[in-house]
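Observations on chain architecture
Residue-level listing of the chains:
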Amino acid sequence: VLGSVSSEIHFLETLGQEIHNDIEDMIRDQQSAAMASTLIGRIMARVGIVCSIILLVRVASAILAITQSVGTDRDSSLSMRADPVTLVLIWLIGHDVVSKEQYNSLSQCASLLLTGFLSVSQMRTFLRTMK
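Residues numbered from 1 in each chain as written. Predicted model: local features only at pLDDT ≥ 70, side-chain atom pairs only at ≥ 80, totals over all residues. Heavy atoms only, no water.

**Some details on the overall build of the protein chain**
Looking only at helices and strands, the protein chain has five helices and zero strands in total. Each helix and strand of the protein chain, placed in order from N terminus to C terminus, yields the pattern α-α-α-α-α. Across the 131 residues that make up the protein chain, the buried fraction comes to 14%. Considering only residue pairs separated by 6 or more positions, the protein chain has 60% of its internal contacts joining residues 24 or more positions apart. (Helix = DSSP H or I, 4+ residues; strand = E, 2+ residues; numbered from the N terminus. Buried < 20%, exposed > 50% of the residue type's maximum accessible area, 1.4 Å probe, protein only. Contact = heavy atoms within 4.5 Å.)

Okay, here's the thing in structure tokens:
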């Protein structure tokens, strides 16, 4: 009898902790929903959508570049045209400032930095959503 009462107490304590955690999650969800309805929240949502689209364009252009470079020699694969996002970034920093020798390395660095930033930010958003 004492063992069953002890197990019931343990079960009820665990249930109370789980209910408390669920209530805290609901409060965080309400706060998140309230923040999402503000101007800054709507702007952040739009920025997230744009970042997701940019990331998808980058992945699609990388896949296209890889499939087109199969069967070509190394020199032609190094001189492939950059993806649209990298071209815009290069143009924004000044297309006349970058020499042809620096273009490929700068293009790769810009691609790596942008892809890294977008991947980390989208993964952070995904993990925060999954919590």
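**Things to note about the pattern of salt bridges**
Counted by the stated rule, this structure contains one salt bridge. We note a salt bridge from Arg28 to Asp25, for which the minimum N-O separation is 2.3 Å. With Arg28 and Asp25 both in helix H1 (residues 2–36) and three residues apart, this pair spans about one turn of that helix. When its relative accessible area of 46% is taken as the criterion, Arg28 is described as partly exposed. (Salt bridge = Lys/Arg side-chain N within 4 Å of Asp/Glu carboxyl O.)

**Concerning the confidence of the model for the protein chain**
On average, residues of the protein chain score 77 in pLDDT, and 77% of them are at 70 or above. Per-element averaging of pLDDT across the protein chain places helix H3 (residues 74–78) at the bottom with 46 and H1 at the top with 91. Note that residues 74–79 has pLDDT below 50 and, in this model, three contacts with residues that lie over four places away or in other chains. (pLDDT = per-residue confidence, 0-100.)

**Some thoughts on a nonpolar patch on the surface**
A cluster of nonpolar side chains, namely Phe11, Leu12, Leu15, Ile19, Ile23 and Ile27, defines an oily patch on the protein surface of about 550 Å² accessible area. Position of Phe11 among the secondary structure elements: in helix H1. (Patch = residues over 30% accessible without salt bridge, like charges linked within 9 Å, V, L, I, M, F, W, Y side chains within 5 Å. Areas by Shrake-Rupley, 256 points an atom, 1.4 Å probe, with all protein chains shown as cover.)

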